[in-house]
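Per-entry structural report
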Amino acid sequence: MRRQFMAVQAVKAVLGAALSGAYIALVGRPGALEMVAMAGLVAPLILTLLAAVKAPLALLEQASLFLFAALIGYLAALTGGVHSPLLVWFALVPAEAALAGGRPAVLRAAGAAVVALIAVAALGALSLLPESRLALPAWPLYAASVLIAVVQAAFVAAASQDRQRASDAAAAEGAAMYRFLADNAMDLITRHSADGRIIYASPSALPLLGVAPESLAGLAPSALCHPDDLKAMQTAFMDAAYFGRPATAEVRLKKAGGAHVWAEIRCRPVPHADGTGSDIVAVTRDISERKAYERQLIEARDLSEEANRAKSRFLANMSHELRTPLNAIIGFSEVMMQEMFGRLGSPKYVEYSGLVHESGNHLLELINGILDMSKIEAGKFELSEEVFDLSAVAEASVRFVKLAAERSGVALKTAVSPQAATIFADKRAMKQILVNLLSNGVKFTPKGGDVTIYAGLDSKGIEIAVVDTGVGIPEKDLVRLGQPFEQVEGEHVRKKEGTGLGLSLVKALAAMHGGEAVIESTLGVGTTVRVRLPYAAVGEDGERMQPRDGKIVPFRAA
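Residues numbered from 1 in each chain as written. Predicted model: local features only at pLDDT ≥ 70, side-chain atom pairs only at ≥ 80, totals over all residues. Heavy atoms only, no water.

**Overview of a nonpolar patch on the surface**
On the surface, I46, L50 and V53 cluster together into a nonpolar patch covering about 280 Å² of accessible area. On the accessibility criterion, L50 (36% relative accessible area) is partly exposed. (Patch = residues over 30% accessible without salt bridge, like charges linked within 9 Å, V, L, I, M, F, W, Y side chains within 5 Å. Areas by Shrake-Rupley, 256 points an atom, 1.4 Å probe, with all protein chains shown as cover. Salt bridge = Lys/Arg side-chain N within 4 Å of Asp/Glu carboxyl O. Buried < 20%, exposed > 50% of the residue type's maximum accessible area, 1.4 Å probe, protein only.)

See the structure below:
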């Protein structure tokens, strides 16, 4: 296109220079007005140079058309007005516009030519035109003018043909490229009318559906789709056809042998070139392998969930079965320790009864932990939230592990701030959290150390922290802690009794309150477990405080 423009402008400049030379030869030395006209005749040379240096072509084409119309009007005004032999050149303005663009460009050029012609006629009617210096008879001038116009029109027509051939070649090349892509694409490409009927199908229809692409012409999507997936297919095509937006559907398509294949259909509207409507282009991909993999994942998930539920049911049933005989063992051993029905004889019997009683209680604690964890995992553990005194619960928890702490030489301390002395939570769950954390702290704190309960109120709600001065936990093991039945073993942490459920229960109970439990530890320094309860704060009036996010979260099962 740029080359054609440059060629036309160069021819116009050459013809203009020839006309200027002929005018000087016939008339003599030109005046000032005539010098301006001659400069206009060779001005297309400037446009040629600008096009050569990659100036915007659209701007140059518009400038050329308006300058051409103005120049013809100026030349006509100098050579007789409406009687000028150059009036025929006005026909070249819209003809050249056809080379530059479409209908709008032609209309603009024709308008410019009409305005210039009207201006010449108006100046002539007002007797404002200069006297023409052309002294030759009229017919030679008209013949020369027409000849020059014909030469210019021939060049414009030739350039227009070159442009049309280039456009046709580009269109053919593009069509060939798109045909090549469609014929060799692994996905099925189809074109549909607005009602969904297939207009064109690519050759991939044969490997995907087992049918020739020609046999799909005129079929509606319902003829290919599984009845259960018809609604999804219709929704996708409706979105594309009536709402003008891309859509996707995963459906089963019928193959030639009656079987079905899972496919993903992506469709989008494509407007017609004339703007009268739009068709739908769809790309269909075989997703049978992906669907099979998804089914395997779902089956594996279901099996895992069922196995987990079976495990929880087993643990719950087993715990119930064990608690009954354990209660009898603990009760009768306590009767024997107290010698309620008379002396047992040897003092060793009393000592052994105490060991039986202590071991029974320890086993009962382990079973209770397993039972609570199984309830939480099964979603059957429910909170009973209320407003209660956290200081009293902290002191009761300390008393619960006091004997074990005294045996290990570990001091127990509490530091509950007044703002956190009263909270809204499940009282039993809070005591279980504190007892578990205190028990862990006592287990892993050497003689002479201490374990402290801190509680306070901050911008995130109530925070309860249990801090010990024990051996600490290696950083690599912190990730595992909090998972059921996980314990830390190694040279820095000695093996202790327990099931490994303590921290997992703490985390689960904190999560049920809408909070979290965070473990921080440094080897040789100690461990801190922070339990954050964002919805547990209670104001001075005894009413539950509104959380910062403006929501009150009710109690919930796991």
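After that view, the rundown keeps rolling.
**A word on a positive patch on the surface**
On the surface, a cluster of positive charge is made up of R399, K402, K427 and K431. When residues of the positive patch are traced back to their parent elements, those giving at least two are α12 (390–408) and α13 (427–443). Positionally, K431 belongs in helix α13. (Lys, Arg positive; Asp, Glu negative; His and termini not counted. Charge placed at Lys NZ, Arg CZ, Asp CG, Glu CD. Helix = DSSP H or I, 4+ residues; strand = E, 2+ residues; numbered from the N terminus.)

**Some remarks on the pairing of strand β5 (residues 278–286)**
Here is the key point about a regular strand: its side chains alternate between the two faces of the sheet. When strand β1 (residues 188–192) meets β5, the two strands line up antiparallel, connected through 5 bridges. Considered in β5, the bridge of L188 is made with T284. Sheet topology places strand β4 (residues 260–271) next to β5; 9 bridges connect them, and they run antiparallel. Within β5, the position partnered with V270 by the bridge is D279. (Pairing = 2+ DSSP bridges.)

**Topic: the nonpolar core**
Ranked by internal contacts, the top residues of the largest apolar core, which has 46 residues, are I464 and V531. Element by element, the count of residues in this core is highest for α13, at 8 residues. With residues near it in sequence (within four places) discarded, V531 still touches I433, L437, I462, E463, I464, V506, A510, E516 and A517. Formed by 23 residues, the second largest nonpolar core is a distinct cluster that contains L224, V251, L253 and A282. (Core = buried A, V, L, I, M, F, W, Y, C linked by side-chain atoms within 4.5 Å. Contact = heavy atoms within 4.5 Å.)

**A short note on the packing of helix α4 (residues 57–78) against helix α6 (residues 103–125)**
Where α4 meets α6, the axes come as close as 9 Å, and the angle between the chain directions of the two elements is 20°. When the axis of α4 is compared with that of α6, the two are roughly parallel. Crossing of α4 over α6 shows right-handed handedness. When α4 is examined against α6, the residues Q62, L65, F66, A69, G73, A76 and A77 are found in contact with a partner set consisting of A105, R108, A109, A112, A113, A116 and V120. (Axes fitted to C-alpha atoms, helices over the stretch in contact; angles between N-to-C directions. Parallel < 35°, antiparallel > 145°, perpendicular 65-115°, else oblique. Left-handed = near helix turned anticlockwise from the far one by under 90°.)

**Here's the deal with helix α9 (residues 230–242)**
Since the α-helix turns once every 3.6 residues, residues separated by three or four places project in the same direction. For α9, built from 13 residues, the straight-helix expectation of 18 Å at 1.5 Å per residue is met to within 8% by its first-to-last C-alpha distance of 18 Å. The inward-facing, buried residues of α9 abut β1, β3 (247–254), β4 and β5. Positive phi shows up at G244, right after α9, with a value of about 65°. (Expected span 1.5 Å × (residues − 1).)

**Remarks on the packing of helix α2 (residues 32–42) against α4**
Where α2 meets α4, the closest approach of the two axes is 10 Å, and the angle between their N-to-C directions is 145°. In the crossing of α2 with α4, the sense of the turn from one axis to the other is left-handed. In contact with L33, E34, V36, A37, G40 and L41 of α2, α4 contributes L71, Y74, L75 and L78. Of the residues in the contact of α2 with α4, the class split is 8 nonpolar, 1 polar and 1 charged. (Nonpolar A, V, L, I, M, F, W, Y, C, P; charged D, E, K, R; others polar.)

**Considerations on the packing of aromatic side chains**
All chains considered together, the criterion is met by 0 aromatic pairs. For the cation-ring pair, R245 lies above F243, with the distance from its terminal atom to the ring centre recorded as 4.7 Å. (Phe/Tyr/Trp six-rings, centres within 6.5 Å; stacked < 30°, edge-to-face > 60°. Lys NZ or Arg CZ within 6 Å of the ring centre and 35° of its normal.)

**Comments concerning the sheet that holds β1**
On the basis of which strands lie adjacent, the open sheet formed by 5 strands has the order β2-β1-β5-β4-β3 and antiparallel pairing. At either margin of the open sheet sits one strand with a lone partner, and together these are β2 (198–201) and β3. Recorded for the sheet is a direction-independent mean angle of 30° between the axes of neighbouring strands. As paired elements, β1 and β2 share 3 bridges and run antiparallel to each other. Looking across to β2, one finds that R191 is bridged to Y200. Strands in contact with α9 are β1, β3, β4 and β5; relative to β3, the strand with the most contacts, it is inclined by about 140°.

**Comments concerning the side chain of D426**
As for its placement among the helices and strands, D426 is situated in strand β8 (residues 422–426). At 2.9 Å, the side chain of D426 forms a polar contact with the backbone nitrogen of A429. Other than its neighbours up to four places away in sequence, D426 contacts E382, L383, S384, E385, F388 and H513. (Polar contact = N/O pair within 3.5 Å; in protein donor to acceptor, adjacent residues only side chain to side chain.)

**Here we look at the confidence of the model for the protein chain**
Of the residues in the protein chain, 90% reach a pLDDT of 70 or more, and the chain-wide mean stands at 81. Per-residue pLDDT stays below 50 along residues 490–495; that stretch engages in 12 contacts with residues further than four places along the chain or on separate chains. The model gives residues 550–558 a pLDDT under 50, and that stretch makes 22 contacts with residues more than four places away or in other chains. (pLDDT = per-residue confidence, 0-100.)

**Examining the sheet that holds strand β9 (residues 450–458)**
Across the sheet, which stays open at both edges, the 5 strands sit in the order β7-β9-β10-β12-β11 with mixed pairing between neighbours. Two strands close off the open sheet at either side, each with one partner strand: β7 (411–416) and β11 (516–522). Strand-to-strand twist across the sheet, computed as the mean angle between neighbouring axes with direction ignored, equals 15°. Bridge analysis of β9 against strand β10 (residues 461–468) gives 8 bridges, and the strand direction is antiparallel. Within β10, the position partnered with D458 by the bridge is G461. Relative to β7, α12 is tilted by about 175°, and along the sheet it contacts β7, β9 and β10.

**Description of the pattern of salt bridges**
Taken as a whole, this structure holds 18 salt bridges when the rule is applied. Across the pair R191 and D279 runs a salt bridge whose closest N-O atoms are separated by 2.7 Å. Here R191 is found in strand β1, whereas its partner D279 is found in strand β5, with 88 residues between them in sequence. A residue is classified by how much of its surface remains accessible, and D279, at 8% relative accessible area, is buried. Among the ionic pairs, R343 bridges to E339, the shortest N-O distance being 4.0 Å. The exposure class of R343 is exposed, given its relative accessible area of 69%. Three or more residues are tied together by salt bridges with common partners; here these are E250, E264, R266, R290, K291 and E294.

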